[in-house]
Amino acid sequence: MVNDIRDDDSCPKPVGRSSVFYYGFGHMLNDITAACWFTYLLLFLTEIGLSPRDAAITMLAGQIADGFATVFAGELIDRFGHFKVWHGAGSILAAISFSSVFGGCLPCKILASRSPIIETISYSTSAAIFNVGWAATQVSHMSMVNCISLNSTSRVVMTSCRNAFTMVANLSLYAVALVVFSTTKATTHSDIENQYHWIAYTSIFIGCCFVGIFHLRTKEPRLAQNVSQAYLAFYVIEDLRMAKSAKALVPAIIYISSFIVSIIMQEMSWTGQRLKAYYCAGGVIWVFCGTSILFLPRSLSAFMYVISVFIGIANTLMTVTGVSMQSVLVGSDLNGCAFVYGSLSFLDKVSCGLAVFVLQSFQSSSPRSQESLSTEYISVTRYGLGLLPAVCSLAGMGITYTMKLRTPHSKSLMEPLLD
């Protein structure tokens, strides 16, 4: 009897529902700007006149800066602490610099020249600065999970809530984009820039509101999917020739289904084996979705809406369980947890940037001009959106299968969540 009482006392208590809720607010600015970055950056840059290769260089510059910044930010956060200070500073830097990413080429206006070299350097510099701020915010926010609670279920719940607000952020972006694209016409170079100005500035405003609430209501303890999204807009417009509104509707469907799954996952009990099983389930779904995207004919483009539902389900299953497995590996040893998240994020950002750069290097012209070459032509966009994520999902499942996860405090995992 005494031993049972001691065991119950040794199990960390779950985090309260309100604390989980406000924690989820903290990544809204990052999420909504990242959605805009991956969905519309390449489209924006090519529409204003940059070549696919120069557009890819801009994204690669940002991804490399993000990758290195996550490692350094993780090391500095572990050494000096103060998660909210890093989070706030990163959010301010990200908000200011993101406005310049979609705000036009300032050096071009100063020098009265629209040289492709000057444009590429200008946008690449803004992208790099934005991603440094983004990285500091991401690592500090993810690292707080392990410090707020040692309860494994609460960690999964906070990760799931964070993912749910990622869906809210993405849906907010696509709602704004749908309104902008539906109510304004893009007939000139200036019109195109103005469309994306409105989308970017509105996104920043929405994200900053949520970040402000996070800082006011979250107490800091003392002691942190991308290639496919980058090609989604190209795929629905160029390959499938869907309506302009589809570049907002298709992503919105993905994130609505993701949001629903995230909410469901918050009300489940979790073990290491269950995390692995759900991750692999998401991987299997992505393989089928990737195959469908690769070979989907233009005449059946309406099926993209159905595929979008399953992409959203797969994304949530893999994202929530993947980040939660990182938390399980960290366990109760909080020394260096920010560096762990930063190092893994480094691999994510750099590999994503390199993948986009390589794919764009082969994108010499749009599918519109290449459709006459062959009726069986498969564009680079299809490889980037369908084949590459499917292959990565298979690799992820293989690695996950070999992992040995020992979830601490297994008794508390079976308690009702968020009590």
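Here goes a summary of the coordinates provided. (Residues numbered from 1 in each chain as written. Predicted model: local features only at pLDDT ≥ 70, side-chain atom pairs only at ≥ 80, totals over all residues. Heavy atoms only, no water.)

### Quick notes on the overall build of the chain
Note the cut-off: Put simply, DSSP H or I for four residues or longer makes a helix, DSSP E for two residues or longer makes a strand, and each gets a number counted from the N terminus. Computed by Shrake-Rupley with a 1.4 Å probe, the accessible areas treat only the displayed protein chains as cover when residues are assessed.
For the chain, the helix and strand inventory stands at 17 helices and zero strands. Of the roughly 17,900 Å² that the chain leaves accessible, carbon and sulfur atoms contribute 67%.

### Thoughts on the side chain of N131
For clarity, the cut-off: For this analysis, residues touch if any pair of their heavy atoms sits within 4.5 Å.
Along the chain, N131 turns up in helix 7 (residues 116-148). Excluding residues that lie within four positions of it along the chain, N131 makes contacts with W37, G62, Q63 and D66.

### Focus: the pattern of salt bridges
Opposite charge on two side chains lets them pair, provided their charged atoms get close. As a reminder, the rule being used: The working definition used for a salt bridge is a side-chain nitrogen of Lys or Arg within 4 Å of a carboxyl oxygen of Asp or Glu. Residue burial is assigned from relative accessible area. The probe radius is 1.4 Å, only protein chains are included, and a residue is buried under 20% of its type maximum, exposed over 50%, and partly exposed in between.
Counted by the stated rule, this structure contains one salt bridge. With its nearest N and O atoms 3.3 Å apart, the salt bridge here joins D239 to R382. Taken together, the residues D239 in helix 10 (residues 226-239) and R382 in helix 16 (residues 380-402) connect sequence positions 143 residues apart. A relative accessible area of 8% places R382 in the buried class.

### Examining the nonpolar core
Most often, soluble globular proteins have nonpolar side chains that are buried together. Condition: Residues grouped as a nonpolar core are buried Ala, Val, Leu, Ile, Met, Phe, Trp, Tyr and Cys residues, joined through side-chain atoms within 4.5 Å.
In this structure, Y40, F102, Y196, V236 and M304 are the most contacted members of the largest nonpolar core, which totals 98 residues. At 14 residues, the largest contribution of residues to this core is made by helix 3 (residues 28-47). The contact partners of F102, leaving out residues within four places of it in the chain, are C36, Y40, L41, F44, Y196, H197 and A200.

### Quick look at the side chain of N30
Mapped onto the secondary structure, N30 falls in helix 3. If we skip the residues at most four places from it in the chain, N30 touches W134, T137 and Q138.

### Topic: the packing of helix 3 against helix 5 (residues 83-101)
Stated precisely, the cut-off is as follows: Note on definitions: angles span 0 to 180 degrees between N-to-C directions of axes, and those axes are lines fitted to C-alpha atoms, for helices only across the stretch in contact. Roughly parallel covers angles under 35 degrees, roughly antiparallel covers those over 145, roughly perpendicular covers 65 to 115, and oblique covers all other angles. A clockwise turn of the near helix away from the far one marks a right-handed crossing, whereas an anticlockwise turn of less than a right angle marks a left-handed crossing. Residue polarity is assigned by list, with Asp, Glu, Lys and Arg as charged and Ala, Val, Leu, Ile, Met, Phe, Trp, Tyr, Cys and Pro as nonpolar; anything else, Gly included, falls into the polar class.
Contact geometry of helix 3 with helix 5 gives a least axis separation of 12 Å together with a crossing angle of 20 degrees. When the axes of helix 3 and helix 5 are compared, the pair comes out roughly parallel. Between helix 3 and helix 5 lies a crossing of left-handed hand. Judged by residue contacts, L29, T33, C36, W37, L41 and F44 of helix 3 engage S91, A95, F98 and V101 from helix 5. Counted by class, the contact of helix 3 with helix 5 contains eight nonpolar, two polar and no charged residues.

### Section: unusual backbone geometry
Of note, the phi angle at R241 is positive, near 55 degrees, even though the residue is not glycine. Considering the arrangement of structural elements, one finds R241 in the loop between helix 10 and helix 11 (246-266).

### Considerations on the packing of aromatic side chains
Stated precisely, the cut-off is as follows: In summary, the pairing rule links any two rings of Phe, Tyr or Trp, Trp by its six-membered ring, whose centres are within 6.5 Å, and it sorts them by plane angle into stacked for under 30 degrees, edge-to-face for over 60 and tilted for everything else.
As enumerated under the stated definition, the model contains 19 aromatic pairs in all. Ring centres 6.3 Å apart and planes at 20 degrees place the aromatic pair F102 and Y196 in the stacked group. Of this pair, F102 sits in the loop between helix 5 and helix 6 (106-111) while Y196 sits in helix 9 (residues 189-217), and the two are 94 residues apart along the sequence. A residue is classified by how much of its surface remains accessible, and Y196, at 0% relative accessible area, is buried.

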